[in-house]
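Each chain is listed here by its residues.
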Amino acid sequence: QVQLEEAGGGLVQPGDSLRLSCVAHGRFSRPYAMGWFRQIPGKEREFVAAASWSGDNRLYADSVKGRATISRDRWKNTVTLQMNSLKPEDTAVYYCATGPQVIVIARGTVSVWGKGTPVTVSP
């Protein structure tokens, strides 16, 4: 079974930038897309961004479009999320995820979840 390891979360101030990373460990039967979700306790997980296996196809949620950049390195089985101009509403636990396609991930159909890395945006 594939396991996802996230890193890079922390406490930042509004307007700051942060880069999250995720590496997939395990065996893969087929190429897969990777992406990010975020969740506030008591609320449903929200799609943030996803990238295809090659990294060429990328999709962003409206809430982060223009402020986030997702990148994929299939050779290292990694995905990163660079977020700029962070806002207090970006505060959440961010989860790495895998799925067969970018669109499938965006719909919330995920094959594997990471354990999450917390991001807090506060003055």
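The structure this text deals with has already been given above.
Residues numbered from 1 in each chain as written. Predicted model: local features only at pLDDT ≥ 70, side-chain atom pairs only at ≥ 80, totals over all residues. Heavy atoms only, no water.

Asks: Any chance you could explain the state of the cysteines here in plain terms?
Replies: Covalent bonding between the sulfur atoms of two cysteines defines a disulfide. What the rule picks out here adds up to one disulfide. Across the disulfide from Cys22 sits Cys96; the S-S distance is 2.2 Å. Of note, the bridge from Cys22 to Cys96 carries an S-S torsion of about -85° and is left-handed in sense. One end of the pair, Cys22, is in strand β3 (residues 18-25); the other, Cys96, is in strand β9 (residues 92-99), with 74 residues separating them in the sequence. Grouping residues by exposure puts Cys22 and Cys96 together as buried. (Disulfide = S-S within 2.5 Å. Helix = DSSP H or I, 4+ residues; strand = E, 2+ residues; numbered from the N terminus. Buried < 20%, exposed > 50% of the residue type's maximum accessible area, 1.4 Å probe, protein only.)

Asks: Hey, could you run me through the layout of surface pockets in this one?
Replies: The computed volume of the largest pocket comes to approximately 190 Å³. Forming the boundary of the largest pocket are Val2, Arg27, Phe28, Ser29, Arg30, Pro31, Tyr32, Thr98, Gly99, Pro100, Ser111 and Val112. Partitioned by chemical class, the residues of the lining of the largest pocket number six nonpolar, four polar and two charged. (1 Å grid on protein atoms, 1.4 Å probe; cavity = no way out; pocket = protein on both sides within 12 Å on 5 of 7 lines; lining within 4 Å. Points joined across faces, edges and corners; volume = space filled by probe spheres on them. Nonpolar A, V, L, I, M, F, W, Y, C, P; charged D, E, K, R; others polar.)

Asks: What is the right way to look at the environment of Arg74 in this model?
Replies: Here Arg74 lies in the loop between β7 (68-73) and β8 (78-83). Placed 19 residues apart in sequence, Arg74 and Gly55 show a C-alpha to C-alpha distance of 7.7 Å.

Asks: How should I be thinking about the packing of aromatic side chains in this particular structure?
Replies: Any aromatic ring pair is given by two values, namely how distant the centres are and how the planes are angled relative to each other. In total, this model carries four aromatic pairs according to the counting rule given. Note on Phe37 and Phe47: the rings are 5.6 Å apart at their centroids and 75° apart in plane angle, and the pair reads as edge-to-face. With Phe37 in strand β4 (residues 33-39) and Phe47 in strand β5 (residues 46-51), this pair connects stretches of sequence that are ten residues apart. A relative accessible area of 12% places Phe47 in the buried class. With centroids separated by 4.9 Å and ring planes inclined at 70°, the aromatic side chains of Phe37 and Trp113 adopt a geometry described as edge-to-face. Taken together, the residues span a long stretch of sequence, with Phe37 in strand β4 and Trp113 in strand β10 (residues 112-113) at a distance of 76 residues. (Phe/Tyr/Trp six-rings, centres within 6.5 Å; stacked < 30°, edge-to-face > 60°.)

Asks: What should I look at first to understand the nonpolar core in this one?
Replies: Of all hydrophobic cores here, the largest spans 36 residues; its most connected members are Leu4, Met34, Trp36, Ile70, Leu81 and Tyr94. Mapped by element, the contributors of at least two residues to this core are β3, β4, β5, β7, β8, β9, α1 (102-106) and β11 (117-121). (Core = buried A, V, L, I, M, F, W, Y, C linked by side-chain atoms within 4.5 Å.)

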